There are 6 protein chains.
Amino acid sequence: MVRLHIVNPNTTASMTQAIAEAARKAAAQDVIITATEPEFGPASIEGFYDGAFAVPGMLVRIAEAERSGADAHLIACFDDTGLDAARSAASAPVIGIGEAAFHLASLLGVRFSVVTTLSRSIPVIEGNLVRYGLDRRCARVRACELPVLSLEADPAAAERRIGAEIESALKEDGADCIVLGCAGMAALAERFWTQFEVPVVDGVAAGTGLATTLARLGLKTSKAGGYAAPGAKAYSGLFERFSPKR
Amino acid sequence: MVRLHIVNPNTTASMTQAIAEAARKAAAQDVIITATEPEFGPASIEGFYDGAFAVPGMLVRIAEAERSGADAHLIACFDDTGLDAARSAASAPVIGIGEAAFHLASLLGVRFSVVTTLSRSIPVIEGNLVRYGLDRRCARVRACELPVLSLEADPAAAERRIGAEIESALKEDGADCIVLGCAGMAALAERFWTQFEVPVVDGVAAGTGLATTLARLGLKTSKAGGYAAPGAKAYSGLFERFSPKR
Amino acid sequence: MVRLHIVNPNTTASMTQAIAEAARKAAAQDVIITATEPEFGPASIEGFYDGAFAVPGMLVRIAEAERSGADAHLIACFDDTGLDAARSAASAPVIGIGEAAFHLASLLGVRFSVVTTLSRSIPVIEGNLVRYGLDRRCARVRACELPVLSLEADPAAAERRIGAEIESALKEDGADCIVLGCAGMAALAERFWTQFEVPVVDGVAAGTGLATTLARLGLKTSKAGGYAAPGAKAYSGLFERFSPKR
Amino acid sequence: MVRLHIVNPNTTASMTQAIAEAARKAAAQDVIITATEPEFGPASIEGFYDGAFAVPGMLVRIAEAERSGADAHLIACFDDTGLDAARSAASAPVIGIGEAAFHLASLLGVRFSVVTTLSRSIPVIEGNLVRYGLDRRCARVRACELPVLSLEADPAAAERRIGAEIESALKEDGADCIVLGCAGMAALAERFWTQFEVPVVDGVAAGTGLATTLARLGLKTSKAGGYAAPGAKAYSGLFERFSPKR
Amino acid sequence: MVRLHIVNPNTTASMTQAIAEAARKAAAQDVIITATEPEFGPASIEGFYDGAFAVPGMLVRIAEAERSGADAHLIACFDDTGLDAARSAASAPVIGIGEAAFHLASLLGVRFSVVTTLSRSIPVIEGNLVRYGLDRRCARVRACELPVLSLEADPAAAERRIGAEIESALKEDGADCIVLGCAGMAALAERFWTQFEVPVVDGVAAGTGLATTLARLGLKTSKAGGYAAPGAKAYSGLFERFSPKR
Amino acid sequence: MVRLHIVNPNTTASMTQAIAEAARKAAAQDVIITATEPEFGPASIEGFYDGAFAVPGMLVRIAEAERSGADAHLIACFDDTGLDAARSAASAPVIGIGEAAFHLASLLGVRFSVVTTLSRSIPVIEGNLVRYGLDRRCARVRACELPVLSLEADPAAAERRIGAEIESALKEDGADCIVLGCAGMAALAERFWTQFEVPVVDGVAAGTGLATTLARLGLKTSKAGGYAAPGAKAYSGLFERFSPKR
């Protein structure tokens, strides 16, 4: 049995529910999924600024789940918001859905392209790829120019616009594999796979699988380097109650 | 239920059994593991030359397992021998235990070191890391200078020598995570983890987990690029019966 | 005249004062410096976790200074905490003292080494170097293993320990230039320069110079890509009053 | 006098003859060329799978030629099939026609493009470029989408299709030098050179020159690292007679 | 007060004057600018060959200015002609206008494109970007195909052609910042900034600011590595009087 | 028959003669070698500054040899002084002995180390390796700290000091191949090869072989990109007579 904690780093509860549903479809039978969203923060994450305000509330959820005995954590924003800080906060493994998708995609083809929401997210994603070392496996990061929350609101338009970008990626980028670059696109993966006859990787499913795998193998986050637990320290003001203790 | 085919690319059947056992320990309950080794080829793989003679026999096993309905294949040599060719041969996903270990290790720490058997394998492994893009995450590849088959023969010596290299890796390389660089080291991972208090990743377990994950998600190898199925063609002489047909 | 806003992203006001003093020494006569620290957040930043809790309070200070007409902003933590988010929040240029030091050091020598406080900060700094592209110019990031706040508390010990690392950097790393890797080391730069006869770059001075230069040239942060201003959006709970408006 | 052994790794004898002829045209007068093809293996090499089945038979030819006193070996497939294994098998230098062409092209211009046969070979070639470090010098790898053996069958069509790709490479890729990416294109190099007024490098000629140069200088393959001779070991089944002895 | 020596490495005095004027506009009030051009060398620098003949005369000017007490030197050719040699010759800091522009641009946006004069200069600039490590921050180097000296002769045509390239850079390259790639374009920066609403960095202004900053901070070129002063040595013939003495 | 022009870019005629002798030993019988040194410039090249003053005189020799019908040019300084400018000046191929040695070494082993004269030359050589893309193949550049001209003066000391560095390279760098990093070390290559049992590549021999190969194949420098012939232009003062004409 694996207790998987999925945190949606934005505060939109309906999106948390959709993510949890997608994760449950992807998970093995013995995986028990709890899904949370922060108590405070942005309703969606589009670019660096929203990301910065999403992290503290998300770290609070990671710490709570850690205390409740989670075997693994999954950060369900494609930007892998706050991933390094979350690894410092947890001893269980922590996976971001962006990195999960990149890793799995690089096992399925020679080169993948990513289709995300707004072009302002492209530098966030490209920066992550460089950090992970997987930029060499990515042909291009593309944007369909639909805001995160509109994916839920108008799914037909979303399917059309994302499909058009996938088509261009296969023709122009030399990609043989597609990564869907937003948690809100999870439901579309299978459809596109059938349509385009290439693997289409959704980060929520990929991350559910990877986090489960790490937990099942008993692997934990290393505390010997940059992910060491934060030292005891006073945090002031709004954050006083989040001060790390040892 | 996932039917996982593990191929040990060398012809040493006792090693196949040990690998299968390690994989079964690591696998979820619904994973059915079949383990094979080639009918022809080298008794162990140490360096580029042995590797080249291991691949054809291994590809035959991949093709047989594919016809028997395997949901995923795992190549159980840390050199990821013949991985690209195997991906061309299969529609199910194919994972190498080397890449599996690198990918998982890069999710657990900032930077990992690898401890393999003979130093002649170091360039093979370093070359793979560059190909995968994960060289940026690897601090150093080390050798304990024990031949592959001696790991089984003298496990106490193996433990001592590998342990000494892990110690150096943590002190000198700035690594916060260790990858064991040979299928024959699978049984030692847990012990080292306890001893050194850092994650120690064994490729057999890592690969079993990753291959299962891909299969469970229904993800398959892309046939749209470099891993397209081989075209129909005459292979002559010893290899006549392995000629690809369409 | 240039109005330079320096934000110390930790909440330790005495450190803000020391930084402001160092910056005033380094600045041209027509530079008017205002120095702030966040109203809420960690007392010092050591590693990823503290960094994440430092950013929101710091972004609030950036926004306030922007409204007060700052011509440039300087983030006075060597980790360049929240730099990308700050660039999204500002139209004036934003510089981090880490990147400032890296850029100037790369103009003075062939290869620099960095001496920072705790080794847990090494991955943060190395990650930044990769993002900026300047990892190729950096020989090594070293830690003197003194916590940030102890630099003020015991300056003699600090000088000894940092000096020992500089000596090793020049002998072992092939560095011909040194970067001091913490805002709290600003006062030591000149002494080390005299002692070791190589350029020793302090980020506070470097950042003051660079931010002033950008402001003087009328250069501003690009709003055409990843640093576009955040879209109007509801932030909830603790962060409600920080919701971006357009 | 230099005794150069050229091995065509596919089993098509007419192609061996054409390669030998091209090599003899390119060679200095004192170079004695022997050309072989494997006794068993694929009739042409298109992608990873064919490549894997071509190597063992080719290594047998390398070993035979080594015993006959070859001063250098040239692998005449643009994929540099089995190059690392061949270097382990030989003490004389071993060159692949792909790497030979890349190295010479990088001495003649700022940046080269490659025109190969089928697009399924692009990842093989790109992978090699990364391994050699010469990806930085390559603008793009292009495919004319003609199978290897059709180059001989319809040379007029080949010339037209390859010429069209060269034209695009010069216009779109910023290349100032062209590499022909298949042993079967050797005869076309001069024609294209005249037509496009840029250097057009054919791997067979380039490899003949480079292998001769190494032999003439008395340079041999290093046995101190990854190319050490294979250790004595039992190969079983079909490969029994190829077991390495010491 | 900062005494800034600007050397125009070509011998066209009218260009020196225009550069000095642009620098004075950009400089702080306490910066005293002296501008020189070599006594011997090419009238403009277009490509590697002109560059090689420009350096000795420029180094003579650097040495003279050094003796006259310059606090910093600026090389006012976008190719950063002779930059490494100039650093060896000086103890004051030396900046090239190309590198200055790259460094400042990388502080203002995510990714910049360069617009230079002739396409033959593209490899010079690309080579510099790689050396500096900033190629990762550059989307593309473009040429407007106008010779250096025609920028002065027909400014309207220059503005039109350069503007067209900027437009393409923003649309096609994903750049959010523009670098003008020739000292002769200095006067156009502000206009383009207004027109395209992205930062447009001119190297003369950038270099004036950066060189002043280094001088003000008392930072000097490292003499501990590759920029050590040249050893005493006989230079013969035309160069006899330039022999380095100690 | 190949007419090879070797230019020693320093003005020490005895070194030119030693280089010519080494080249003649390495060359095929039909290679006619002419060796020159510049009429003006430094007596030896140690670092960036000497290099800059060596280039114009060397380019004059390249141009003269070009007019005399040279089939290829070899620049006999390990720094590859003025290589790009020389390629612009010539239509015959131009090779530097540094790059020649790097390219051949990368064909013989997995990873090479370089042993040069003074440590001030290390950044010059490392910079070249990055430009060529071959830094990935180089384990380390080492200096034996003997000035160029002392190699001739005290060959026994030279042999001892260089030998010690080779020994360290093999033990500490993981190199399996050695490159001798100065034209003045040519005579020592064979001795070290015998002593250390790894390939030891001398640039003069390597360059003679490579330049001959290019000439024999009729390959010429591309004029379609950065190596286009210099445009007609007035060079003034000392350099007036070297003005390029069309």
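Just so we're clear, the structure is a prediction, and the values are computed from it rather than from any experiment.

S.K.: A description of the environment of T116 of chain A should follow, citing residues and the corresponding values.
M.R.: Residue and element names in this part refer to chain A. Among the structural elements, T116 can be located in strand β6 (residues 112-116). Assessed through its relative accessible area of 1%, T116 is described here as buried. A sequence separation of 28 residues divides T116 from C144, and the C-alpha atoms of the two residues are 6.3 Å apart. Beyond its immediate chain neighbours, meaning those up to four positions away, T116 contacts S121, I122, I125, V141, R142, A143, C144, G181 and M185. Here the side chain of T116 touches G181 through a polar contact of 2.9 Å, landing on its backbone oxygen.

S.K.: Just give me the short version of the relation of the copies chain A and chain C, but keep the residues and values in it.
M.R.: Put simply, the second copy of the chain is the first one after a rotation about an axis and a shift along it. Take chain A, turn it by 180°, move it 0.0 Å along the axis, and it overlays chain C with an RMSD of 0.0 Å. Between the two chains, the operation in question is that of a two-fold axis. In this assembly the copies share their binding face: 100% of the residues contributing to the interface of chain A also contribute to that of chain C.

S.K.: Please set out the arrangement of the chains residue by residue, giving values where relevant.
M.R.: Across the gap from chain B to chain E, with no contact made, the nearest C-alpha atoms are 15 Å apart. Structurally, chain A and chain F remain out of contact, their C-alpha atoms never closer than 15 Å.

S.K.: Which residues make up the sheet that holds strand β6 (residues 112-116) of chain E, and what values do they have?
M.R.: Residues and elements named next belong to chain E. Judged by pairing direction, the sheet is parallel, and its four strands sit side by side in the order β7-β6-β8-β9 without closing on themselves. Each edge of the open sheet carries a strand with a single partner, namely β7 (138-143) and β9 (200-202). With direction set aside, neighbouring strand axes in the sheet form an average angle of 20°. Pairing of β6 with β7 involves five bridges; the strand directions are parallel. The residue bridging F112 from the neighbouring strand is C138, located in β7. Across the sheet, helix α5 (residues 122-132) lies against β6 and β7, angled at about 160° from β7, the strand it touches most.

S.K.: I'd like a description of the interface of chain A and chain C, backed by residues and values.
M.R.: Between chain A and chain C, the residue contacts involve 42 residues of the former and 42 residues of the latter. Where chain A touches chain C, the interface holds four salt bridges. The partner of K233 of chain C in a salt bridge is E46 of chain A, with the nearest N and O atoms 2.7 Å apart. Linking chain A with chain C are 16 residue pairs in polar contact (both at pLDDT 80 or more). Elements with a contribution of two residues or more to the side of chain A that touches chain C: β3 (41-42), α2 (48-67), α3 (83-89), α5 (122-132) and β10 (235-236) of chain A. The element best represented in the side of chain A that touches chain C is α2 of chain A, accounting for eight residues. Here the side of chain A that touches chain C is built from residues that sort into 25 nonpolar, nine polar and eight charged. Looking at chain direction, β10 of chain A and strand β3 (residues 41-42) of chain C are connected through two bridges and run antiparallel. The residue bridging S236 of chain A from the neighbouring strand is G41 of chain C, located in β3 of chain C.

S.K.: How would you sum up the confidence of the model for chain A? Please name residues and give values.
M.R.: Mean pLDDT for chain A: 95, with 100% of residues reaching 70 or above. At the level of chain-chain contacts, confidence expressed as ipTM amounts to 0.96, with global pTM at 0.96.

Cut-offs and rules
- Residues numbered from 1 in each chain as written.
- Chains lettered and ligands numbered in written order.
- Predicted model: local features only at pLDDT ≥ 70, side-chain atom pairs only at ≥ 80, totals over all residues.
- Heavy atoms only, no water.
- Helix = DSSP H or I, 4+ residues; strand = E, 2+ residues; numbered from the N terminus.
- Buried < 20%, exposed > 50% of the residue type's maximum accessible area, 1.4 Å probe, protein only.
- Contact = heavy atoms within 4.5 Å.
- Polar contact = N/O pair within 3.5 Å; in protein donor to acceptor, adjacent residues only side chain to side chain.
- Least-squares fit on C-alpha atoms with pLDDT ≥ 70 in both.
- Pairing = 2+ DSSP bridges.
- Axes fitted to C-alpha atoms, helices over the stretch in contact; angles between N-to-C directions.
- Salt bridge = Lys/Arg side-chain N within 4 Å of Asp/Glu carboxyl O.
- Nonpolar A, V, L, I, M, F, W, Y, C, P; charged D, E, K, R; others polar.
- pLDDT = per-residue confidence, 0-100.

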